[in-house]
Amino acid sequence: MLPDVQSLRLANGLRVNMLHDPQASRAAALIHLNAGSHHEPPALPGLAHLFEHVVFAGSREFQGDERLMMWAQAEGAKLNATTHANATAWFFDMTPAKFEAGLARLVDMLAQPLLAEDSVRQEVSVIDAEYNMLTGHADSLCDAALSLAFNAPARLHDFHVGSRASFGEDIPALQRALTHYHQQFFTADHLTLWLQGPQSFTELTALSERYGNAFSARNGYQPAPAQPVVLRDKRHLQLLLDGSPRLRFSFPVTHCPALTLLRQLLTDEATNSLLDILRTQALADDVRVSLPYASGSGDILSIEFLVCDTTSAIRARIETLFCQWLQQIRDLSAAHLQHYSALAHRDFSRLTPLDQLRTRTLDFPPAAQNGWQTLLAELHPRNMTRLWIAPDVQGQNTSAQGFNLPVSFDERGVISDNVTKLSFAFHLPPNGIVHKTDERVHTTGAPLTLHQACIARACLRALSAQSAHEGNSLVFTHVQGNGLLQLSGPLEWVTRTLSTARALLRTPSAIALTQGERLFEQEQRKAESEIAIRTLLAKLPEVICGSSEKSHEFATAGDDAAVLVFRPLTENTAVYLAATQILASFLEPAFFQQYRVEKNIGYVVSCRFHQTARQSGILFALQSPAYDAQALLGFIDAFIAQIPALIDGISSQALEEKRGALRKSLRVRPADRLEAARQQWLREFAAAPPVDETAIAEVTAELLKACVRARGREAWRIKTII
């Protein structure tokens, strides 16, 4: 079930959308700006992205530790922001009890930002590091190459990430440009406030009226409307890029809920679906559907296949089968479309409130049949561009969106004439569905390597999809070094399907083994192209489970150095588990302040409580373009040495507030039953002692120090190879 929605317009003209989600354990807020990188001055590429960053540095009413960024880390909130071509959004989620305090900070941050010179200078450095990192980020490079296939909008080709070179050295002038950007766009007529949580509509309305009127009414400024999306005559491209080959088909389309319905059809993994046939014939292993560009005048829809080989014959077969599939979806009945929309709704409902808001406003809207016939007309080969991405492409360096890309234009037709026309399977819900009075959730799992998990995933794909079509659920995930199998449905179905799943896993078919091996190779290549810190995080469970050595080095993509230090619990007791969680909540904002704000070492600065591979503890993570790995480890060691002094500065009131927050968290369970069962299984498997109010009450400042002093269990230290 999707949450109920009510909308209103405040006295100042601000649009407010409220979603009442009675089962939610957290509340979320998002402020959407109807402007983005395509609305920044052409002379200052990246200004919109820079503004997105700088506002977090403080506002008139909330500065220092009270600003949203620092407050959220101390209170366990999640927050972020993102800048798109025609939209920007800032968002956070929080426990309902603290939600109003977070909303007050979010609104003031955007209504009254300080935009101080020091903050501007600091964020220029951060964005410069981000740009350097993106020069090796495969998805960003593919999106940039795709822009070469379009004539309009003209700004689609421009550089918008930003860098030190694009911003220049005149910080006061940059500050004035940011202030002007704020004055132009941050009025009620350009903004929308979204609120979602367990609060009643009456409570959400009161919150929106209390804080939403902080924005001034319209100022009369209206940006030029976005240009329609127009393909070039030369629209088929090739891009030289290491990693698994990809084949991306893109179309100019009208934004509508039917896009999400199409995505659900494309990603169906049931037997004889498009994806199943491509995998069985060793043509492609996966498909990703995205919107690399969106505006009120049209979107770009991309459908990208992860291809098994680089031969032109395989590319031709994929395109032929894809075009056949596009023809066959034109004959789907309303019942088919309703069924796949319902599947998409179920997937959407499992997202957190924050992710639901982000998806609604910045990505794919909740699925519906609205716009289906228009979309079908737009999904025509004459309206399509093709981007082939492979490591053996012969390309010439071309500038696109600020990146220098080896690309070539390829106008050769790649349709294969000798592909037998297939009849793809499209499903309907089974007849005679009855009310599930005995629905059960069953979770089982075991430690698995990534290689084993890839084979297991290949074995279970079709069964998982078939289960969904039947109205039940079979989900396999690889998390914290464990393979987890979860089933949700009537008891008789759970028993029967669990037996089938175990049989598939015990004796994998030859096709599943082959697919699993390819999937493992793709995961390895993906890890190699990820930003450094993500590569190290992926290695952490493997390091903890597979080696007695505490120090490890791994090669990573890009030029940044990165390090992880994971300090496990001093003792595996409920009291030390509670103390470590409380200690981490104090350390997180202090670590960020020291190395992101004061020293500004780079793009990734993180300290948090972390659980992985049957271990709980505190994880420190740094990634920097300016310091080598050894220096980063030195920063972490220096911070750890300061922890006793930091603890001495904690007041008894602050400690009691943290105890209270942890007590409240014990009563919070995820609304999604599968996620709640997954968390419970991981706790039990890790033999983590149950934290209760008695254990929390025993947490003292002296115990916090004991979590740091004890050296009986040395930390794991992982770094990039220098």
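Placed above this text is the structure.
I will try to describe carefully the structure that is included in this document. (Residues numbered from 1 in each chain as written. Predicted model: local features only at pLDDT ≥ 70, side-chain atom pairs only at ≥ 80, totals over all residues. Heavy atoms only, no water.)

Considerations on the overall build of the protein
As a reminder of what qualifies: Secondary structure elements follow DSSP: runs of H or I of four or more residues count as helices, runs of E of two or more count as strands, with numbering from the N terminus. Based on C-alpha atoms, the radius of gyration is set beside the globule rule, defined as 2.2 Å times the residue count to the power 0.38. Here the term buried applies to any residue with accessible area under 20% of the maximum for its type, exposed to any over 50%, and partly exposed to those in between, with areas from a 1.4 Å probe on protein chains only. Contacts are assigned to residue pairs that have any heavy atoms within 4.5 Å of one another. The accessible surface values rely on the Shrake-Rupley method and a 1.4 Å probe; as for residues, cover is taken only from the protein chains in view. For this count, His and the chain ends are skipped, Lys and Arg are scored as positive, and Asp and Glu as negative. By convention, the point assigned to a charge is CZ for Arg, NZ for Lys, CD for Glu and CG for Asp.
Within the protein one finds 24 helices and 23 strands. The globule rule puts the C-alpha radius of gyration for 722 residues at 27 Å, and the 26 Å found for the protein is close to it. Overall, the C-alpha framework of the protein stretches about 75 × 65 × 55 Å when taken along its three principal axes. The proportion of buried residues among the 722 residues of the protein is 55%. Counting contacts in the protein only where the partners sit at least 6 residues apart, residues at least 24 apart contribute 82% of the total. In the form shown here, the protein has an accessible surface area of approximately 30400 Å², with 50% of it arising from carbon and sulfur atoms. In the protein, 66 side chains carry a positive charge and 74 a negative one; their mean positions are 3 Å apart.

Digging into the pattern of salt bridges
Pairing of side chains with opposite charge becomes possible as their charged atoms draw close. The following threshold applies: By convention in these notes, a salt bridge is any Lys or Arg side-chain nitrogen within 4 Å of a carboxyl oxygen on Asp or Glu.
Overall, the coordinates contain 29 salt bridges when judged by the stated rule. Ionic contacts of the salt-bridge type, sharing partners, join the residues Asp139, Asp143, Arg246, Arg248, Arg288 and Glu304 into one network.

Focus: helix H2 (residues 68-75)
Within H2, 6 of the 8 residues are buried, which leaves it mostly tucked inside the rest of the structure. Inspection of H2 places Leu68, Met69, Met70, Trp71, Ala72 and Gln73 among the buried residues, and these make up the whole buried set. Buried residues in H2 make contact with strand E4 (78-83), strand E5 (88-94), helix H3 (99-111) and helix H19 (574-598). Directly after H2, the chain includes Gly76, whose backbone phi takes a positive value near 80°.

Regarding the sheet that holds strand E13 (residues 385-390)
As a reminder of what qualifies: Should DSSP find at least two bridges between two strands, the strands are taken to pair. Fitted lines through C-alpha atoms serve as axes, helices being fitted only where they are in contact, and the angles separating the N-to-C directions of these axes extend from 0 to 180 degrees.
Here we have 7 strands laid out as an open sheet, ordered E11-E12-E10-E13-E9-E15-E14, and mixed in their pairing. Each edge of the open sheet is held by one strand with a lone partner, namely strand E11 (284-293) and strand E14 (396-400). Averaged over all pairs of adjacent strands, the angle between their axes in this sheet comes to 30°, without regard to strand direction. As defined by bridge partners, E11 adjoins strand E12 (residues 299-307) across 7 bridges and the pair is classed as antiparallel. Residue pairing for E12: Val289 is matched across the bridge by Ile303. Docked against the sheet, helix H9 (residues 258-266) engages strand E10 (246-253), E11 and E12, running at close to 5° with respect to E12.

Structural notes on unusual backbone geometry
The step from Ala152 to Pro153 runs through a cis peptide bond, and the omega angle for that step is 5°. Checked against the element boundaries, Pro153 lands in the loop between strand E6 (150-152) and helix H6 (164-167). Its identity as a non-glycine residue notwithstanding, Ala282 has a phi of 55°, on the positive side.

Observations concerning helix H8 (residues 201-212)
Inclusion rule: Expected span, for any helix, means 1.5 Å times one less than how many residues it has.
Here H8 contains 12 residues, and its C-alpha end-to-end distance of 15 Å stays within 8% of the 16 Å for a straight helix at 1.5 Å per residue. Among the structural elements, strand E1 (4-9), strand E2 (15-20), H3 and strand E7 (191-197) are those in contact with the buried residues of H8.

Concerning the sheet that holds strand E16 (residues 439-447)
Across the sheet, which stays open at both edges, the 3 strands sit in the order E16-E18-E17 with antiparallel pairing between neighbours. Every other strand in the sheet has two partners, leaving E16 and strand E17 (473-479) as the edge strands with one partner each. Here the average twist between neighbouring strands, direction ignored, is 15°. Note: E16 against strand E18 (residues 482-490), 9 bridges, orientation antiparallel. The residue bridging Pro447 from the neighbouring strand is Asn482, located in E18. Where helix H16 (residues 491-506) meets the sheet, it contacts E16, E17 and E18, and its direction lies at approximately 145° from that of E18. Contacting E16, E17 and E18, helix H22 (residues 673-685) crosses the sheet at an angle of about 40° to E16.

So, the packing of helix H15 (residues 450-469) against H16
Let me state the cut-off plainly: For classification purposes, angles smaller than 35 degrees are called roughly parallel, those larger than 145 roughly antiparallel, those between 65 and 115 roughly perpendicular, and all remaining angles oblique. Take the far helix as your reference; a near helix turned counterclockwise from it by less than a right angle gives a left-handed crossing, and one turned clockwise gives a right-handed crossing.
At a minimum axis separation of 9 Å, H15 and H16 run at an interaxial angle of 155°. Classified by the angle between their axes, H15 and H16 sit roughly antiparallel to one another. Considering how the two elements wind past one another, H15 and H16 form a crossing that is right-handed. Each of Ala456, Cys459, Leu460, Leu463 and Ser467 in H15 lies in contact with H16, whose residues at this interface are Trp493, Thr497, Thr500, Ala501, Leu504 and Leu505.

Here's the deal with the nonpolar core
In plain terms, the rule: In these notes, a set of buried Ala, Val, Leu, Ile, Met, Phe, Trp, Tyr and Cys residues joined through side-chain atoms within 4.5 Å is what counts as a nonpolar core.
Core analysis: the biggest nonpolar cluster contains 59 residues, and Leu50, Trp90, Leu103, Leu174, Tyr181 and Phe186 have the highest contact counts within it. At 8 residues, the largest contribution of residues to this core is made by H3. Membership of the second largest hydrophobic core comes to 47 residues, among which are Cys256, Val307, Leu343 and Met384.

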